[in-house]
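Structural description and commentary
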Amino acid sequence: MQAFREAIEAWDLEAAEALLAEDVVFTSPVVFKPYPGKAITAAILRGVARVFEDFRYVREINDVNGRDHALVFTARVGDREIQGCDFLHLNEDGLIDEFTVMVRPLSAAQALAAAMGAQFEQIAKEAEARSA
C-alpha cells in the first residue's frame, strides 16, 4: 500500500492515521491481546515513531487482488537491530482494517517491548483524547 508506506517513511502520522478504518484491529508483536480501534492504533503508531530509529521499508509484497500487503522493514531500538513486517489488510473502502506487526530477532522484540511499555501510559492518554 504505497500511500501508507510513504506516510510512514515520512513520519507523517496524520496521513497514516487517515488510512486507518475506524474498526481497525492492531495486533502487536509483543502483546497477546489485539487492540481494536483507530484511536489506539494511531496512538501506537505515534509511540513507535518515538522508539524506532533508522526506520526504513526495504520490500513491499502485494497480493493480486490488492487487499493484502506486507511491508518489510528494518529499524533500531536502542542498540538492537530489528527486522519486521507490517501486514495490512484493506476493507472494501481501501482503508486498513487489519494491521499486524511481526519482528525478529527475539532480543530486538524484547527491546521493543520494553521501549513500548515505557510509552504505554502516553499511548493510552493519546488514544483516550482522540476517542473523546
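Just above, that's the structure.
Let me begin by describing the structure that accompanies this report. Just so we're clear, the structure is a prediction, and the values are computed from it rather than from any experiment.

The rules behind these values
- Residues numbered from 1 in each chain as written.
- Predicted model: local features only at pLDDT ≥ 70, side-chain atom pairs only at ≥ 80, totals over all residues.
- Heavy atoms only, no water.
- Phe/Tyr/Trp six-rings, centres within 6.5 Å; stacked < 30°, edge-to-face > 60°.
- Helix = DSSP H or I, 4+ residues; strand = E, 2+ residues; numbered from the N terminus.
- Buried < 20%, exposed > 50% of the residue type's maximum accessible area, 1.4 Å probe, protein only.
- Salt bridge = Lys/Arg side-chain N within 4 Å of Asp/Glu carboxyl O.

This part covers the packing of aromatic side chains. Per the stated rule, a full pass over the model turns up 9 aromatic pairs. The interplanar angle of 80 degrees and the centroid separation of 6.4 Å between the aromatic rings of tyrosine 57 and phenylalanine 73 together place this pair among those described as edge-to-face. Placement of the pair is tyrosine 57 in strand E3 (residues 53-62) and phenylalanine 73 in strand E4 (residues 68-77), with a sequence separation of 16 residues. A single burial state applies to tyrosine 57 and to phenylalanine 73, both of which are buried. An aromatic cluster is built from Trp11, Phe52, Phe55, Tyr57 and Phe73, whose rings are joined through pairwise contacts.

Scanning the model with the defined rule gives 12 salt bridges in all. We note a salt bridge from glutamate 9 to arginine 5, for which the minimum N-O separation is 3.1 Å. Taken as a pair, glutamate 9 and arginine 5 lie in helix H1 (residues 2-9) at a separation of 4 residues, close to a single helical turn. The shortest N-O distance in the salt bridge between lysine 38 and glutamate 22 comes to 3.7 Å. Separated by 16 residues along the polypeptide, lysine 38 in helix H3 (residues 38-51) and glutamate 22 in strand E1 (residues 20-27) bring together distant segments of the chain. Each of the salt bridges in this network shares a partner with another, and the network as a whole consists of Glu17, Arg46, Arg50, Glu126 and Arg130.

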